[in-house]
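So the chains spell out like this:
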Amino acid sequence: MRRFLSIVLAVVMLLAVCSPVLTARAAGFKDVAASYWAFDEITALAAKKVLAGYTDGTFKPGGKVTREEFAKMIVVAKGLALVKPAKASFTDVAASRWSYGYVEAAVKAGYIKGIGGGKYAPAAQIKRQDMAVLLVRVIGKEAESKTIKESVAFANDEPKIGTYAIGAVTIAVRPRVQLLTWDKSRNLNPTMSATRGDCAFAIYNTITPPATGKKTITMVDENAPENLFPLISDSAYTMKAVTFLASAPISVTPYGVPFPEMAKYVPTLANKHLIRNADGTVISDVELRKGMKWSDGQLVTIDDYIFSHQLYMSDAIQVVTRSPMDLVTKIQKINNYTCRIYWKSWNTYIPVGWTIYPKHILGPQFVKDPKSINTSAFNNKPVYCGPYTVKTNVQGQYMTLAANKNWFGGQPVFDTITEKFILATNTLLINMLTGQPDVSSESLTLDLAQQFESKMGKSFNVYYNKSTSAGIMEWNLTSAWFKDKRVRQAFYYGIDRKTITLKALVGTEAVLSPLSSGSVYFKPVLAKYAYNPTKANALLDAAGWKWNAAKTARALPDGTPATLKIPYSTGATFREREVTLMQPMLAKLGITVEQDPKDFDGILDAATAGTFIVNLHGVSFDNYDVFGSVLAFRSDQIPTEKNGMNGQNNYRYSSADMDKWLNTAEKATTAVALKEAYSHIQDIFAEDLPCLYLEQRIYPDEVRKGLKGYDHFFSCTIYNNWNVQYWYWFK
């Protein structure tokens, strides 16, 4: 429990704030569940008799708070003596009013200044932005707030912030302040009335700021990033590592909501920064926030954003994907912070745009030799504009990150983050059981997470997240093994995917569609492939796969023995279990399966180059970015020498029908059109089977109790560290 600033805090607060029937309940409130976002703050303040509830055992966290009630809250919380001068400071707060001594005490302390005209409006509900203004005074940052003329609040409703409150709201959302929070639509709702829950959270962080606790954290992951340059790496571990380091013009919450980070707004039809023309062309605006700096101190400008588009479109660079950047027909620079982009057609990624890279670092190298970007020192020693910078990077072992004190959103709470990489899940468990790491995400299998919880449950919370990630067996459809659709169908019938999922301890259900089961367009099109070795053998017979005389083994039509090595990442014990479980199943089809653990980066490289037959790893869907889940099945995503080996279609799958419906989905503007397109896409997939999906993963997160701000909802582009700058230790 955090230390309170004054012994006076033991005095009952709010004893008559809302009505004389309020009473303190240190044991908690029946309408404030442990899952309530301000549960810890309400519970802590109530335990200290700083907050009180009602006689019916409720707290009414959604109840509104008047301006005089809030004045009392902060006076009691700060331990101020009541003040009752002979002359009232406000004409509407007379000496006979119950709140007179509290309001005057807050006036004397310099916390409140009224609404003008000698009035305070004591009975009016306090607005969230007014709460921010008052509390920013309390923490001694009013002078700084007055120097801020443009908000940096990372909210979709920033334009609604009153001019007088811009500076205070900006400070109120900084990591080391945190007086205001966003809703799930990433709005701050500055003009809405503050609730009792809002006030409890804000007052708690006022008297005990987030940075009061320990300023370090240790995290553990199962794989190291391939590099720190996502332009040329499709590794999820690269994306996760860069999340610590880089802000984006437009970011996305785990709930699929885009919000302005480096940019001032998300372009939408409503704000007229997005225009969809009758001929199908699109215009969007990008306006960056002023005064942002790269981690080396150089200013960020729109030139960096425009230059980044050049990087994406260079054939000399091994770019992972050029969508939607390849739809740009012109970029018009308006000023040093703004540009207008012209697109030849609509794409769902247009409002989000692209990642921004530093022109002053990569520009000279790009001009001299574009190909050198592929092996640039930037790959592992990057310069970004984000909350953290790389202090130490021992590749494959650990990274130490240092807070970027000049981050435009305010200094992060943790000064240092250590991220360790442990490939073997059993070794990772042993490391976690020492109690030294604070967080592990998406690394332990179900059985290991359960072991951990049974031994460390008093100190750690374990969250079992039904994820949008799946096990995938990538097939090279140009190989003799998988070029025939009947063979691919035989594998679906010949592998009991649900049994493997359960016995490999990675989930409870097999994947039933190339779309996430959480998508509104989901169809369980793969359910028809129930385990049926007889049907699988019939398909292999039809495809010309011959049995030997003893009917113990098959050969491919070209006479090659049907012996299949399945590569997976070294140390991934659950993948080893999956392959082990496949062996007797495929043996019934005359196929011998061999384990082939390999370096994960090598697996990715072989997939890109097309020098593989099969591999086994993980892939992520997205409930909200449906198109991103299926883009890899479009033929223009096949990596080739001509396109610089760029693209995500490692399967080398090509289908005119699939291309048609993917293009339709990409350009669709109505829910009806999208539903039709995604229905066809799923049906075509279920017939052609470009790859084999195994389990829908359950991803456990192990998080030390007391860590605040941790908000993990698994998504293919959003990682558990998406808001790491706001994490802190609750005391």
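Residues numbered from 1 in each chain as written. Predicted model: local features only at pLDDT ≥ 70, side-chain atom pairs only at ≥ 80, totals over all residues. Heavy atoms only, no water.

Chemist: For the side chain of Glu158, give the residues involved together with the corresponding values.
Modeler: With respect to the element layout, Glu158 can be found in the loop between helix H5 (142-146) and helix H6 (166-172). Here Ser151 takes part through its side chain, which lies 2.5 Å from a polar atom of the side chain of Glu158. At 2.8 Å, the side chain of Glu158 forms a polar contact with the side chain of Arg289. For Glu158, the contacting residues outside a window of four places in its chain are Ser151, Val152, Ala153, Pro260 and Arg289. (Helix = DSSP H or I, 4+ residues; strand = E, 2+ residues; numbered from the N terminus. Polar contact = N/O pair within 3.5 Å; in protein donor to acceptor, adjacent residues only side chain to side chain. Contact = heavy atoms within 4.5 Å.)

Chemist: If you had to explain the packing of aromatic side chains to someone new, which residues and values would you point to?
Modeler: With the rule as written, the count across this model stands at 35 aromatic pairs. Each ring, one from Tyr357 and one from Phe378, has its centre 6.3 Å from the other, and the planes form 80°; the classification is edge-to-face. With Tyr357 in the loop between strand S9 (338-343) and helix H10 (359-368) and Phe378 in the loop between H10 and strand S10 (388-394), the pair connects residues that are 21 residues apart, well separated along the chain. Tyr357 gets classed as buried once you look at its relative accessible area, which sits at 0%. Pairing Tyr357 with Tyr384 gives two aromatic rings, centres 6.2 Å apart and planes at 50°, and the pair type is tilted. With a gap of 27 residues between them, Tyr357 in the loop between S9 and H10 and Tyr384 in the loop between H10 and S10 connect regions that are remote in the sequence. By relative accessible area, Tyr384 is classed as buried at 3%. A connected cluster of aromatic rings, assembled from ring pairs, spans Trp475, Trp481, Phe482, Phe491, Tyr492, Tyr493, Tyr529 and Trp545. (Phe/Tyr/Trp six-rings, centres within 6.5 Å; stacked < 30°, edge-to-face > 60°. Buried < 20%, exposed > 50% of the residue type's maximum accessible area, 1.4 Å probe, protein only.)

Chemist: Run through the pairing of strand S7 (residues 282-287), naming residues and quoting values.
Modeler: Judged by how many residues are buried, S7 sits mostly within the fold: 6 of 6 residues are covered. Residues Val282, Ser284 and Val286 of S7 are buried on one face, and the alternating residues Ile283, Asp285 and Glu287, pointing to the opposite face, are buried as well. Turn length for the strand S6 (residues 274-276)-S7 hairpin, with the two strands adjacent in sequence and antiparallel, is 5 residues, and the turn residue Gly280 shows positive phi of about 95°. (Pairing = 2+ DSSP bridges.)

Chemist: With reference to specific residues and values, describe the layout of surface pockets.
Modeler: In this approach the atoms are scanned with a rolling probe the size of a water molecule, which exposes any empty space left behind. Here the second largest pocket is characterised by a volume of approximately 1500 Å³. If you trace the second largest pocket, you find 45 residues lining it, with Trp37, Lys708, Gly709, Tyr710 and Asp711 closest to the centre. Listed by contribution, the elements that provide at least two residues to the lining of the second largest pocket are helix H1 (39-47), helix H7 (196-207), strand S14 (460-475), strand S21 (691-704) and strand S22 (707-708). (1 Å grid on protein atoms, 1.4 Å probe; cavity = no way out; pocket = protein on both sides within 12 Å on 5 of 7 lines; lining within 4 Å. Points joined across faces, edges and corners; volume = space filled by probe spheres on them.)

Chemist: Describe in detail helix H8 (residues 236-245), supporting the description with residues and values.
Modeler: With 7 of its 10 residues buried, H8 lies for the most part within the structure. Here H8 has its buried residues at Tyr237, Thr238, Lys240, Ala241, Val242, Phe244 and Leu245. Looking at the buried positions of H8, the neighbouring elements they touch are strand S3 (216-221), S10, strand S11 (398-403), strand S12 (416-421), strand S13 (439-441) and helix H17 (600-609). Between the side-chain oxygen at the start of H8 and the backbone nitrogen of Tyr237 there is a gap of 3.1 Å, and the oxygen is on Ser235.

Chemist: Give a description of the confidence of the model for the protein that names residues and reports values.
Modeler: Mean pLDDT over the protein works out to 92, with 95% of the residues at or above the 70 mark. Predicted confidence for residues 1-27 stays below pLDDT 50, and this span has 86 contacts to residues more than four positions away or in other chains. (pLDDT = per-residue confidence, 0-100.)

Chemist: Please give an account of helix H16 (residues 573-587) that cites residues and values.
Modeler: Its 15 residues give H16 an end-to-end C-alpha distance of 21 Å, which sits within 8% of 21 Å, the value for a rise of 1.5 Å per residue. Those residues of H16 lying buried are Thr573, Phe574, Arg575, Glu578, Val579, Met582, Met585 and Leu586. (Expected span 1.5 Å × (residues − 1).)

Chemist: So what's going on with the state of the cysteines? Residues and values would help.
Modeler: Taken as a whole, this structure holds 0 disulfides when the rule is applied. Cysteine Cys385 shares no disulfide, and the gap to the nearest cysteine sulfur, in Cys339, comes to 16 Å. (Disulfide = S-S within 2.5 Å.)

Chemist: Tell me what's going on with the packing of helix H13 (residues 485-494) against helix H20 (residues 671-688), and back it up with residues and numbers.
Modeler: Two elements in contact, H13 and H20, have axes separated by 8 Å at closest approach and are oriented at 95°. One way to sum up the angle between H13 and H20 is to call them roughly perpendicular. In contact with Lys485, Arg488, Gln489 and Tyr492 of H13, H20 contributes Phe685, Glu687 and Asp688. Along the lines of polarity and charge, the residues of the contact of H13 with H20 split into 2 nonpolar, 1 polar and 4 charged. (Axes fitted to C-alpha atoms, helices over the stretch in contact; angles between N-to-C directions. Parallel < 35°, antiparallel > 145°, perpendicular 65-115°, else oblique. Nonpolar A, V, L, I, M, F, W, Y, C, P; charged D, E, K, R; others polar.)

Chemist: Explain empty space enclosed by the protein residue by residue, including any values.
Modeler: Under the definition given, this model contains 3 cavities of 30 Å³ or more. Of the volumes computed, that of the largest cavity is approximately 80 Å³. As for the largest cavity, its lining consists of 16 residues, and the residues nearest its centre are Pro267, Asp285, Val286, Tyr305 and Pro351. When contributions to the lining of the largest cavity are tallied by element, the ones reaching two or more residues are S7 and S9. Considered class by class, the residues forming the lining of the largest cavity number 12 nonpolar, 2 polar and 2 charged.

Chemist: Talk me through the packing of helix H11 (residues 425-433) against helix H12 (residues 446-456); I want residue IDs and the actual numbers.
Modeler: The contact between H11 and H12 brings their axes to 11 Å, and the two run at 15°. The angle between H11 and H12 falls in the class roughly parallel. The handedness of the crossing between H11 and H12 is right-handed. Side by side, H11 and H12 meet where Thr425, Asn426, Leu429, Met432 and Leu433 of the first sit next to Leu448, Gln451, Phe452, Lys455 and Met456 of the second. (Left-handed = near helix turned anticlockwise from the far one by under 90°.)

Chemist: Hey, could you go over the sheet that holds S9 for me, with residue numbers and the actual values?
Modeler: With antiparallel pairing, the 4 strands of this open sheet are ordered in space as S6-S7-S9-S8. The open sheet is flanked by S6 and strand S8 (328-335), the only strands paired with a single partner. Neighbour to neighbour, the strand axes of the sheet diverge by 15° on average, direction disregarded. Where S6 and S7 come together, 3 bridges link them in antiparallel fashion.

Chemist: Tell me about the pattern of salt bridges, and name the residues and values.
Modeler: Throughout the structure, instances matching the rule amount to 31 salt bridges. We note a salt bridge from Lys60 to Asp56, for which the minimum N-O separation is 3.6 Å. Of the charged contacts, one joins Lys485 and Glu687 as a salt bridge, the two residues approaching to 3.0 Å between their closest N and O atoms. Here the residue Lys485 occupies a position in helix H13, and Glu687 occupies one in helix H20, the gap between them amounting to 202 residues. Residue classification places Glu687 among the partly exposed positions, given a relative accessible area of 35%. (Salt bridge = Lys/Arg side-chain N within 4 Å of Asp/Glu carboxyl O.)

Chemist: Could you give me a rundown of unusual backbone geometry, with the residues and numbers involved?
Modeler: In this model, Ser323 is joined to Pro324 through a cis peptide bond whose omega is 5°. You can see Pro324 is positioned in the loop between helix H9 (302-313) and S8. Positive phi is not limited to glycine here, since Lys551 has a value of about 55°. On the secondary structure map, Lys551 appears in the loop between strand S16 (546-547) and strand S17 (554-555). Taking the relative accessible area as the measure of exposure, Lys551 reaches 55% and is therefore exposed. Backbone geometry at Met645 places phi at a positive 60°, although glycine is not the residue there. Summarising the element assignment, Met645 is placed in the loop between helix H18 (626-630) and helix H19 (656-667).

Chemist: Account for the side chain of Ser235, with residues named and values stated.
Modeler: Within the secondary structure layout, Ser235 lies in the loop between S3 and H8. Taking the relative accessible area as the measure of exposure, Ser235 reaches 2% and is therefore buried. Only 3.1 Å separates the side chain of Ser235 from the backbone nitrogen of Tyr237, close enough to count as a polar contact.

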